[in-house]
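Residues per chain, in single letters:
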Amino acid sequence: MSKLWGGRFTKKTDQLVEEYTASILFDKELAEEDIQGSIAHVTMLGKQGILPLDDVEKIKDGLHRVLQRINRNDIEFSISDEDIHMNIEKTLIDDVGPVGGKLHTGRSRNDQVATDMHLWLRKRVVEFVDMLHKLQSALIEQAKANLDTILPGYTHLQRAQPILFAHHMMAYVSMFGRDIERLQDSYKRINMLPLGAGALAGTTFPIDRHFVASQLKFDRVYENSLDAVSDRDFILEFLSHASIIMMHLSRISEELIMWSSTEFHFIELDDAFCTGSSIMPQKKNPDVPELVRGKTGRVYGNLVGLLTVLKSLPLAYNKDMQEDKEGMFDTVRTLQGALQLFAPMIKTMKVHKDRMRQAVNQDFSNATDIADFLVGKGLPFRQAHEVIGKTVLYCIQQGKYLLDLTLEEFKQFSTLFDDRIYDVLQPENVVNARNVYGGTATSQVTDAIGRAELELEKTALWTKEYIERSR
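A quick note: this is a predicted structure, and the numbers were derived from the prediction, not measured.

Description of the overall build of the chain
Along its length, the chain carries 19 helices and six strands. Relative to a compact globule of 471 residues, whose C-alpha radius of gyration would be 23 Å, the chain shows 30 Å and is clearly more extended. Its C-alpha atoms give the chain principal-axis dimensions of roughly 100 × 50 × 40 Å. For the chain, with 471 residues in total, the buried portion stands at 51%. Of the contacts formed within the chain by residues at least 6 apart in sequence, a portion of 77% connects residues at least 24 apart.

Written out as structure tokens, the structure is:
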């Protein structure tokens, strides 16, 4: 059978051109969505009296059979048929005869492919919200188990102030919460119907776009046909959100890598998420977080790649836009792989509480509290800062830590010191002194966990609702 668009042409397409321009090798991912959109479209053609109902039923029955064959891997897609749309239409015509050629009435591949991608990405966004929900749950579980675990907090990768390990875990819960909010908000712009825009200007047939939208459970339709076929903002937005999620995963990956090293030894990842060395039998390598850290750049590249493709395209559709899919598919696969592994890796992570406490006891991360103590005695902060700087320098020179100093040694630097300084310097007191909303005090972190668990419930309800809506 000749190409479905071949009437205008007198020569066969060059084989190299076919191979270069074909998208079937990757857009076959959209097969289910393509048939889903086609069934809604042909149903509307029957409702509007554009096609006889008998023809509509034959086409719908044929489309269901084509989908069954695809699900059984019983169809060999052809590069000569270019893309998933033409492959499915040709298979349909082979199945039901010439009546299958009526399916494309009132639409173009331009609005068809855009519809497929909206349908496909809509499902993925809901899946990612659910995966992030599971990751937050694992982090909260670690936080609840470590409300008494203190470790050094860092700035500039230098020990700064003692914090609860639970507080550290909850920081990532907050990050991934923002990721969920962004994905949920993006759903509004993904859940728009382009179908009915035709090639760029609409169609002469009396179609009902809003009926198709209701069939496919879209909340609204594109207002402008030119915009409908040329818009890829919804993909860019997803790639941007995915990049931020990967950045957050990369940051926690970096900490897991450092913390699991011999130098830190704050945590140990489960064997199921590590690998060994082919030459050094003692090694236990944190390959999962390392690979997540590495793949982050890949996702960034997909975002920048599509931005570059779209940056100077005139309206409406251009073949350049075929480049929108591979990066989207690759990003989805990359993010899926990372999130599927991360929640169980966090959940099974072993926390070395004693090692973290030892690190806190052997540093100067409680120094700020001495300054606060002196300020409470009436010393201006800048003078208190200088006093503590000299005190820390003395400790370094003497090979001591602040809690090792006698009261007489403290008084060398300020007569305002008294016995209460030893209570002030205890790590638990340092932590619990930061009893402000969002702080690291145990009561504040406990409250934060409670608020986060309420948000988890809301996210679970949202996911359930939108899974139902997209079916």
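A look at the layout of surface pockets
A volume near 460 Å³ is recorded for the largest pocket. Along its surface, the largest pocket is lined by 23 residues, and Gln 136, Val 173, Ser 174, Ala 452 and Glu 455 are the ones closest to its centre. Taken together, the elements giving at least two residues each to the lining of the largest pocket come down to helix H7 (165-190) and helix H19 (442-469). Among the elements that take part in the lining of the largest pocket, H7 stands out by supplying ten residues, more than any other.

Description of unusual backbone geometry
Here the bond from Leu 315 into Ala 316 is cis, since omega is 10°, no more than 30 degrees from zero. By secondary structure assignment, the location of Ala 316 is in the loop between helix H11 (287-310) and helix H12 (324-347). Despite not being glycine, His 156 has its phi angle at roughly 55°, a positive value. Residue placement: His 156 occurs in the loop between strand E1 (150-155) and strand E2 (158-164).

Focus on the nonpolar core
The biggest cluster of nonpolar side chains holds 119 residues, and the ones touching the most others in it are Leu 249 and Ile 267. It is helix H6 (residues 109-145) that provides the largest number of residues to this core, a total of 16 residues. When residues are assigned to domains, this core turns out to be shared by domain 1 (15-105) and domain 2 (110-208 + 216-353 + 446-470), each giving three or more. Among the nonpolar cores identified, the runner-up in size contains 19 residues, and Ala 367, Val 392, Leu 402 and Leu 407 belong to it.

Focus on the packing of H7 against helix H10 (residues 233-259)
At a minimum axis distance of 9 Å, the contact between H7 and H10 shows a crossing angle of 170°. Overall, the two elements H7 and H10 adopt an arrangement that is roughly antiparallel. Like other packed secondary-structure pairs, H7 and H10 cross with a definite hand, here left-handed. Grouping the amino acids of the contact of H7 with H10 by side-chain chemistry returns 14 nonpolar, four polar and seven charged.

Examining the packing of aromatic side chains
All chains considered together, the criterion is met by 14 aromatic pairs. Ring pairing ties together the aromatic residues Phe 373, Phe 410, Phe 417 and Tyr 422, which thus form one cluster. The side chain of Arg 122 reaches across the aromatic face of Phe 218, ending 4.8 Å from its centre. Directly above the ring of Trp 120 sits Arg 124, whose terminal nitrogen or CZ lies 4.8 Å from the centroid.

So, the pattern of salt bridges
Going through the model one piece at a time under the given rule, you end up with 35 salt bridges. Between Asp 148 and Lys 353 there is a salt bridge, with the nearest N and O atoms lying 3.3 Å from each other. Of the two residues, Asp 148 sits in the loop between H6 and E1 while Lys 353 sits in helix H13 (residues 353-361), which places them 205 residues apart along the sequence. Relative accessible area serves as the criterion here: at 33%, Lys 353 is assigned to the partly exposed category. Several salt bridges converge on common partners, so that one network encompasses Asp 185, Lys 188, Arg 189 and Glu 237.

A short note on the environment of Leu 310
Mapped onto the secondary structure, Leu 310 falls in helix H11. For the pair Leu 310 and Leu 236, spaced 74 residues apart in sequence, the C-alpha separation works out to 9.8 Å. Those residues in contact with Leu 310, other than ones at most four positions away along the chain, are Arg 232, Leu 236 and Met 321.

Notes on the side chain of Arg 124
With respect to the element layout, Arg 124 can be found in helix H6. Under the relative-accessibility criterion, Arg 124 is labelled buried at 11%. Setting aside anything within four residues of it in sequence, one finds Arg 124 in contact with Val 332 and Gln 336.

Quick notes on the pairing of E2
Relative to E2, E1 is paired through six bridges, and the arrangement is antiparallel. By the bridge assignment for E2, Gly 153 is matched with Gln 161. Turn length for the E1-E2 hairpin, with the two strands adjacent in sequence and antiparallel, is two residues, and the turn residue His 156 shows positive phi of about 55°.

Thoughts on H13
All of the buried residues along H13 are Met 356, Ala 359 and Val 360. The buried residues of H13 occupy one face: seen down the axis, they fall within an arc of 100°.

The rules behind each value
- Residues numbered from 1 in each chain as written.
- Predicted model: local features only at pLDDT ≥ 70, side-chain atom pairs only at ≥ 80, totals over all residues.
- Heavy atoms only, no water.
- Helix = DSSP H or I, 4+ residues; strand = E, 2+ residues; numbered from the N terminus.
- Rg over C-alpha atoms; globule rule 2.2 N^0.38 Å.
- Buried < 20%, exposed > 50% of the residue type's maximum accessible area, 1.4 Å probe, protein only.
- Contact = heavy atoms within 4.5 Å.
- 1 Å grid on protein atoms, 1.4 Å probe; cavity = no way out; pocket = protein on both sides within 12 Å on 5 of 7 lines; lining within 4 Å.
- Points joined across faces, edges and corners; volume = space filled by probe spheres on them.
- Core = buried A, V, L, I, M, F, W, Y, C linked by side-chain atoms within 4.5 Å.
- Domains from an automatic or database assignment.
- Axes fitted to C-alpha atoms, helices over the stretch in contact; angles between N-to-C directions.
- Parallel < 35°, antiparallel > 145°, perpendicular 65-115°, else oblique.
- Left-handed = near helix turned anticlockwise from the far one by under 90°.
- Nonpolar A, V, L, I, M, F, W, Y, C, P; charged D, E, K, R; others polar.
- Phe/Tyr/Trp six-rings, centres within 6.5 Å; stacked < 30°, edge-to-face > 60°.
- Lys NZ or Arg CZ within 6 Å of the ring centre and 35° of its normal.
- Salt bridge = Lys/Arg side-chain N within 4 Å of Asp/Glu carboxyl O.
- Pairing = 2+ DSSP bridges.
- Arc of directions from axis to C-beta.

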